[in-house]
Structures are given as C-alpha cells and as structure tokens.
Amino acid sequence: MNNILIGVLALCATIIIYYFMQKLYKKWSNPFLLPVLTSTIIIAFFLLIFDIPYQTYMVGGKWLDWLLGPAVVALAYPLYNQWNILKTYPLSILAGIILGAVIGIVSGLLLTKWLLFDDAIIYSLIPKNSTTPVAMEIASSLSGIPPLAAVFVMIAGIGGAVIGPTLLKWFKIHHYLGRGVGMGSGSHAIGITKSMENGEKEGAVSTVAMTLSAVIVSILSPICVYLLM
Amino acid sequence: MGNVRNIGTIILQIIILSIFYLIGTWIQAFFNIIIPGSIIGMLLLFLLLMTKKLNVNWVSEGSKTLIKLLPLLFIPATTGIINYFHLFSGRGVLLFPIALSSTLMVILIAGTVSQYLGRKRLRNHE
C-alpha cells in the first residue's frame, strides 16, 4: 500500500472513531467516557491486534498532530475574550495559578526522583498539568518522551475531573474563582469541561487558569529542573 | 453557499493561526528559547489582539473551531502510549498514583489560594 492511502485511512478512521465516541460521551457524560480516552484505547487496541506499528499509523496521524501547534496559538482567543475577569481579580487568580504550577512541577519531580525513576520519565511527568500540546513540547525540550508526557496529561486530566470536584467540596472551595483556578490549573482542558458544567463564570476562570498555567509551566519547568535535578 | 463561505473563512483563519505557530517555532529555534514555539506564537497573537493591531474577527472562527477539535487532535499523540507500555509495568505502576496525587495537590492548593484572596478582595470592595 502506498503511503498516501495509509495516511488517509488512518486519518479517516481516527475522525470516525472520535465522532462516535463523542456521541457516546454526550449521551452519558461519564468522565471515564471522555472521547480522547476512549478513542485512544480503541485505536491502540486496533493497532496492537493487527500488529500495525505506531509509525505506520502516524503517516496519517501526523497531520492531526501538526495542528496541535496552531490549536495552542488559538488559545490566545479565549484569553483575549476573558481578559476582563482576569483584570478584576488579577492577584487572586495569578497567585493560585503560579502556586499550583510550582506545586505540580516540584511534587512530580521530587516524588519520581526519590523513587529513582529514569530522567526521561521524570522530564515527561513534570509538565503533566498543562494541556497536551504544551506538555509534549515542554517534555521534548527537556529531553523527555512527548507521548509519555501526553499519557501523564491524561491521568492528570481524567483523575482531576473525577476526584477534583469532590475534593474541592470537602475543603469548602465553593467560590467560582477557587473552583475554576483549581480545575484549570490541575486538569487543563478536561477540568474546563467539568467547570463549564457549573456555569460560564467558573468555565471562563478555568480557561484562563489553563492558558496561563501552560505559559507559566513552560517557563518554570526548565528552571525547576535546573535547580532540583 | 453561506456554508461554503464559512468553511473558507475557517480554513483561511486556521492558516493565519498556523503562520503564528511557524513564526513562534522560528523564534524559538533562532533564539534557542526553551518555551515551546506554539506558546510563543500564542503570546504573539495575544499581544497583537490586545494592542488592536489585529482584529479579533480575523482569528475568532478558526480559533473556536480548533479549540472545539482539540480532543481529536490529541488522539494521535496519546496513541503513542503503545510504544511505552513497558514503562508502566512493575515499579512503573507507581507513576499513576504519583501523577494523580500531585494533580490533586495542585487543584486543592491553587483553588484554596484563589478563593481566599478573591473573597478578601470582594470584602474590601463591599
């Protein structure tokens, strides 16, 4: 089979699977049915069963993968749109996001370092609380493993979306500022989806938190690695 | 016909966003910066939007579309896990609780700090 055909097949299969998984999620909206998670499991399962190398799948997959770059650029739009909320509570939001970014990087780095994991694994874990494309870029610039970083991002996103809201309730974080900053800082886009369920204000704060946290984590990660490794 | 024009607008705007991305990666490579090129492109676009050098309508539709499609764009990358399954076996299983507990700390502490400071500010204004 020639490469273009393989590419088109991989691309179409990915889009079709994602389409149906999204329908499934809309019907039940259980965090474990998150379309990224279910689609990835189905495709991975398919590749393993038919013994298709990942590199072959990526002949088509890389076209979608490339678009992650412009998609990160596109986050400037919600940031611009929600600038008003950020302007009203600059210190409260920024302090939470910065502290969250530091805790996420440092706790991940120290825990894996104490347990003697390989450097490449540590570097892949460090950016787990930022959104996937950013985390992958950070991991690759730290000489970690980008796909592994994407897996950690999924754990952070899904785990946070499932447990985070209950945790916040226990500790009496009821204000939309606190909930939004928490969910966006810890669980990026998946946290935002969860926050949107509680209303537009919390969703907006959550989006600001994810976007700013991505920028802050990408600046702080190399600094923390330099200081702690 | 409206639909075709809409799709044309979206594609054109995604091309504009892609140009920002490429400029970002060039800047990153040229100055050897550790911040990802996509983030540099994002900050550049944000700056142009805030200073009104670029009309937000030039990128709004393309941005909305890409953000809506984000989960789909992640899939090829996350499927890459199949090459790294071995890392999660044995002691590697610990990586799950590490990533999870670290994330829950982020959510709780970031949330607590923002709520505390936000409420204080609200009280001062009332």
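Per chain, residues are indexed from 1 in the order of the written sequence. For naming, the first written chain is A and the first written ligand is 1, with later ones following in the order written. With the structure being a predicted model, the display of local features is reserved for residues of pLDDT at least 70 and the display and counting of side-chain atom pairs for 80 or more, all residues being used for whole-chain, interface and lining totals. Here the side-chain values reflect all heavy atoms present in the structure, with hydrogen atoms and water set aside.

Here's the deal with the overall build of chain A
Logical step 1: Helix numbers and strand numbers start at the N terminus; a helix is a DSSP run of H or I with at least 4 residues, a strand a run of E with at least 2. Broken down by element type, chain A carries 12 helices and zero strands.
Logical step 2: Reading the helices (α) and strands (β) of chain A from amino to carboxyl end gives α-α-α-α-α-α-α-α-α-α-α-α.
Logical step 3: In this setup the radius of gyration rests on C-alpha atoms only. A globule is expected at 2.2 Å times the number of residues raised to 0.38. In terms of overall size, chain A behaves like a compact globule, its C-alpha atoms giving a radius of gyration of 18 Å where 229 residues would be expected to give roughly 17 Å.
Logical step 4: For chain A, the spread of C-alpha atoms along the principal axes amounts to about 55 × 45 × 30 Å.
Logical step 5: Relative accessibility thresholds used throughout: buried, under 20% of the residue-type maximum; exposed, over 50%; partly exposed, between the two (1.4 Å probe, protein chains only). A total of 229 residues make up chain A; the buried ones form 59% of that total.
Logical step 6: Every residue pair with non-hydrogen atoms within 4.5 Å of one another is taken to be in contact. Look at the contacts in chain A between residues 6 or more apart in sequence, and 62% of them connect residues 24 or more apart.
Logical step 7: Entry remark: accessible area of chain A is about 9,700 Å², with carbon and sulfur atoms responsible for 71%. Methods summary: accessible areas were calculated by the Shrake-Rupley approach with a probe of 1.4 Å, and residue burial reflects only the protein chains presented.

Details of the domain arrangement of chain B
Logical step 1: The domains assigned to chain B are domain 1 (1-70) and domain 2 (82-126).
Logical step 2: Averaged C-alpha coordinates put domain 1 of chain B and domain 2 of chain B at centres separated by 29 Å. Throughout the structure description, domain borders are defined by an automatic or database domain assignment.

Topic: the interface of chain A and chain B
Logical step 1: On the side of chain B, 73 residues touch chain A, which itself brings 97 residues to the contact.
Logical step 2: Of the roughly 7,600 Å² buried at the junction of chain A and chain B (both faces included), carbon and sulfur atoms supply 81%.
Logical step 3: We define buried area as the total accessible area lost by two parts upon association, computed with a 1.4 Å probe and summed across both. Among the residues chain A hides against chain B, the three largest losses belong to Val73(A), Tyr77(A) and Tyr80(A). Together they make up 10% of the total.
Logical step 4: Whenever Lys or Arg places a side-chain nitrogen within 4 Å of a carboxyl oxygen from Asp or Glu, that contact is recorded as a salt bridge. There are zero salt bridges connecting chain A and chain B.
Logical step 5: Of all the elements, helix H10 (residues 146-170) of chain A adds the most residues to the side of chain A that touches chain B, at 14 residues.
Logical step 6: When residue character is reported, Ala, Val, Leu, Ile, Met, Phe, Trp, Tyr, Cys and Pro are called nonpolar, Asp, Glu, Lys and Arg charged, and the others, Gly included, polar. For the side of chain A that touches chain B, the residue count by class is 63 nonpolar, 30 polar and four charged.

Focus: the environment of Ala13(A)
Logical step 1: With respect to the helices, strands and loops of the structure, Ala13(A) is situated in helix H1 (residues 3-28).
Logical step 2: Taking C-alpha positions, Ala13(A) is 39 Å from Tyr176(A), a pair spaced 163 residues apart along the chain.

Topic: the nonpolar core
Logical step 1: The criterion is simple. A nonpolar core is a set of buried Ala, Val, Leu, Ile, Met, Phe, Trp, Tyr and Cys residues joined through side-chain atoms within 4.5 Å. Among the nonpolar cores identified, the biggest contains 90 residues, and Tyr57(A), Ile93(A), Ile126(A), Phe152(A), Ile39(B), Leu45(B) and Phe88(B) are the most heavily contacted of them.
Logical step 2: Counting seven residues, the second-largest nonpolar core is a separate cluster that includes Leu167(A), Met183(A), Ile107(B) and Leu108(B).

Regarding the UniProt feature "transmembrane region" (unreviewed entry) in chain A
Residues and elements named next belong to chain A.
Logical step 1: UniProt positions are given in the numbering used here, feature names are shortened, and annotations may be inferred rather than shown by experiment. In the numbering adopted here, UniProt assigns the feature "transmembrane region" (unreviewed entry) to residues 6-21, 33-57, 63-80, 92-116, 148-168 and 204-228.
Logical step 2: Between the end C-alpha atoms of residues 63-80 the distance is 28 Å, and the span holds 89% helix and 0% strand.
Logical step 3: Secondary structure content for residues 148-168 is 100% helix and 0% strand, while the C-alpha to C-alpha distance between its ends is 28 Å.

Things to note about the pattern of salt bridges
Logical step 1: Across all of its chains, the model carries three salt bridges over all chains by this definition.
Logical step 2: In this structure, Lys194(A) engages Glu197(A) in a salt bridge whose closest nitrogen and oxygen atoms are separated by 3.3 Å.

Concerning the packing of helix H2 (residues 35-49) of chain A against helix H3 (residues 60-79) of chain B
Logical step 1: Between N-to-C directions, angles cover 0 to 180 degrees, with each direction set by a line fitted to C-alpha atoms, over the stretch in contact for helices. Here H2(A) crosses H3(B) at 40°, and the two axes come no closer than 9 Å. Of the possible angle classes, the one that applies to H2(A) and H3(B) is oblique. Classified by chirality, the crossing of H3(B) by H2(A) is right-handed. Within the contact between the two elements, H2(A) uses Val36(A), Ser39(A), Thr40(A), Ile43(A), Ala44(A) and Leu47(A) and H3(B) uses Pro71(B), Phe74(B), Ile75(B), Thr78(B) and Thr79(B).
Logical step 2: Here the residues of the contact of H2(A) with H3(B) are counted per class, giving seven nonpolar, four polar and no charged. Oblique is the label for every angle not falling under 35 degrees (roughly parallel), over 145 degrees (roughly antiparallel), or within 65 to 115 degrees (roughly perpendicular). Each crossing gets its hand from how the near helix is turned against the far one by less than a right angle, where anticlockwise is left-handed and clockwise is right-handed.

Some thoughts on the packing of aromatic side chains
Each pair of aromatic rings is reported with the distance of its centres and the angle of its planes.
Logical step 1: Under the pairing criterion, centres of Phe, Tyr and Trp rings, with the six-membered ring standing for Trp, must be within 6.5 Å; the plane angle then separates stacked pairs below 30 degrees from edge-to-face pairs above 60, leaving the rest tilted. Applying the stated rule across the entire model yields eight aromatic pairs over all chains.
Logical step 2: Plain terms: the ring middles of Phe152(A) and Phe88(B) are 5.9 Å apart, the flat faces sit at 55° to each other, and that makes the pair tilted. Separated into two different chains, Phe152(A) in helix H10 and Phe88(B) in the loop between H3 and helix H4 (95-125) make up a pair that spans both. Phe88(B) carries the same exposure label as Phe152(A), and that label is buried.
Logical step 3: Within the aromatic cluster, the residues linked to one another by ring pairs are Phe152(A), Phe88(B) and Phe96(B).

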